[in-house]
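Okay, here's what each chain looks like letter by letter:
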Amino acid sequence: PPLHRQRHQFVIDFVKRNKPKKVVDLGCSECCLLKKLKFHREIELLVGVDINGTKVKKKMHGLAPLSTDYLQPSYDQLRIELYQGSVTQRDARLKGFDLVTSIELIEHLTVADVERFSEVVFGYMAPATVIISTPNSEFNPLLPGLAGFRHSDHKFEWTRAEFRSWAVKVCLEFGYEVEFTGVGQAPPGQQETVGFCSQIGVFCRLGGRSGCNMLLGDDAEDVFSHTLLYSI
Ligand code: SAM
């Protein structure tokens, strides 16, 4: 299957195993992953955030219930909310989630914004688990006809070591542990040398679901920076 499908399938498999109740997809774009996640009945709150409201609005009505959805006894459990907003800004409505996904998002941020993203996601939102995927630049020589980055909007593409060093720093700062994996296999014999096409970090908050927000003073005032586009 194409790589974007493999990345989404990775999230879906994780959801099947871990059964999160509250999930937010950062950089949800045209809500493709959210449309797949809405069929997972354990989820009670499904949220999408993207800085590009036009992209979000394009296909968001596809998230509305199908008539057959009402035949599912658990269907009324699900609430979906879509926001226009930047992942570099805090929004109190995104605190306390079980799972945050950020699929092919961080490479679109400047290095300064990646710092803000880390603080907002791991320090402020402080979810139980986070899945982050980003291109692995070591794989690029295997992509035919590629000169430079995989997409003109990418601000960087990290090697496995660069991704690891960012991830480990985040873990130390905000109290998480991380495991590395990926999707998109290299041809036999080259997997070790180049790694996966898309690298993935799965972060778990130390202390699990009961762990508390690491930063003091966060609850002093609630910030709402995002704009609600859709709620159903
Ligand atoms: N996650 C989707 C997927 O798996 O196909 C789409 C990834 S797309 C390559 C990157 C998305 O990140 C775009 O929709 C873009 O608008 C969004 N984005 C870029 N900077 C952002 C920011 N600061 N805050 C929120 N979303 C942002």
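Structure's up top.
Each chain carries its own residue numbering, running from 1 in the written order of its sequence. For a predicted model such as this one, the threshold for reporting local features is a pLDDT of at least 70, and the threshold for listing and counting side-chain atom pairs is 80 or more; totals across whole chains, interfaces and linings nevertheless cover every residue. Side-chain metrics rest on all non-hydrogen atoms present in the structure, leaving aside hydrogens and water.

1. Quick look at the pairing of strand 5 (residues 129-135)
Exposure is judged per residue with a 1.4 Å probe applied to protein chains only, and the accessible area is read against the type maximum: over 50% gives exposed, under 20% gives buried, and values in between give partly exposed. Secondary structure elements follow DSSP: runs of H or I of four or more residues count as helices, runs of E of two or more count as strands, with numbering from the N terminus. With respect to burial, strand 5 is a largely interior element, seven of its seven residues being buried. Alternating residues of strand 5 divide into T129, I131, S133 and P135 and V130, I132 and T134, and every residue in both groups is buried. For two strands to be treated as a pair, DSSP must find no fewer than two bridges joining them. Bridging between strand 4 (residues 99-103) and strand 5 involves five bridges; their strand directions are parallel. Bridge assignment links V100 to a residue of strand 5, and that residue is V130. Inspection of the sheet shows strand 5 paired to strand 7 (residues 198-205) by seven bridges, in the antiparallel sense. Across the sheet, the residue bridging to I131 is V202, located in strand 7.

2. Focus on the environment of E138
Here E138 lies in the loop between strand 5 and helix 5 (160-174). Residues E138 and R93 lie 45 residues apart in sequence; the distance between their C-alpha atoms is 37 Å. With residues up to four places along the chain from it excluded, the contact list for E138 reads T159, R160, A161, T193 and V194. A distance of 2.7 Å separates a polar atom in the side chain of E138 from the backbone nitrogen of R160. Contact between two residues is taken to exist if any of their heavy atoms lie within 4.5 Å; hydrogens are not considered. A 3.5 Å cut-off defines polar contacts: any pair of N or O atoms within that distance qualifies, except that in protein one atom must be a possible hydrogen donor and the other a possible acceptor, and neighbouring residues in sequence count only when both atoms are side-chain atoms.

3. Overview of the sheet that holds strand 5
Spatial strand order, 6-7-5-4-1-2-3-8: eight strands in an open sheet with mixed pairing. If you trace the sheet from one side to the other, it starts and ends with strand 6 (176-183) and strand 8 (227-231), each paired once. On average, adjacent strands in this sheet sit at an angle of 20 degrees to one another, irrespective of strand direction. Every angle, taken between N-to-C directions, lies between 0 and 180 degrees, and every axis is a line fitted to C-alpha atoms, over only the stretch in contact when it is a helix. Helix 1 (residues 3-18) contacts strand 4, strand 5, strand 6 and strand 7 of the sheet and is inclined by roughly 170 degrees relative to strand 4.

4. Considering the site of the ligand
For this purpose, a residue is taken to be near a molecule or strand whenever a single non-hydrogen atom of the residue falls within 4 Å of it. Around the ligand there are 15 residues in total, and H8, G27, D50, V87 and I103 lie nearest to it. One of the backbone N or O atoms of G27 is found 2.8 Å from a nitrogen atom in the ligand. A distance of 3.0 Å is found between a nitrogen atom of the ligand and a backbone nitrogen or oxygen belonging to V87. All accessible-area figures derive from a Shrake-Rupley calculation using a 1.4 Å probe, and residue coverage is judged against the displayed protein chains alone. Protein contact buries 83% of the 600 Å² of open area that the ligand shows by itself. For the shell around the ligand, the per-class residue count stands at five nonpolar, seven polar and three charged. Put simply, Ala, Val, Leu, Ile, Met, Phe, Trp, Tyr, Cys and Pro go in the nonpolar bin, Asp, Glu, Lys and Arg in the charged bin, and everything else, Gly too, in the polar bin.

Shape descriptors only; they carry no functional weight alone.
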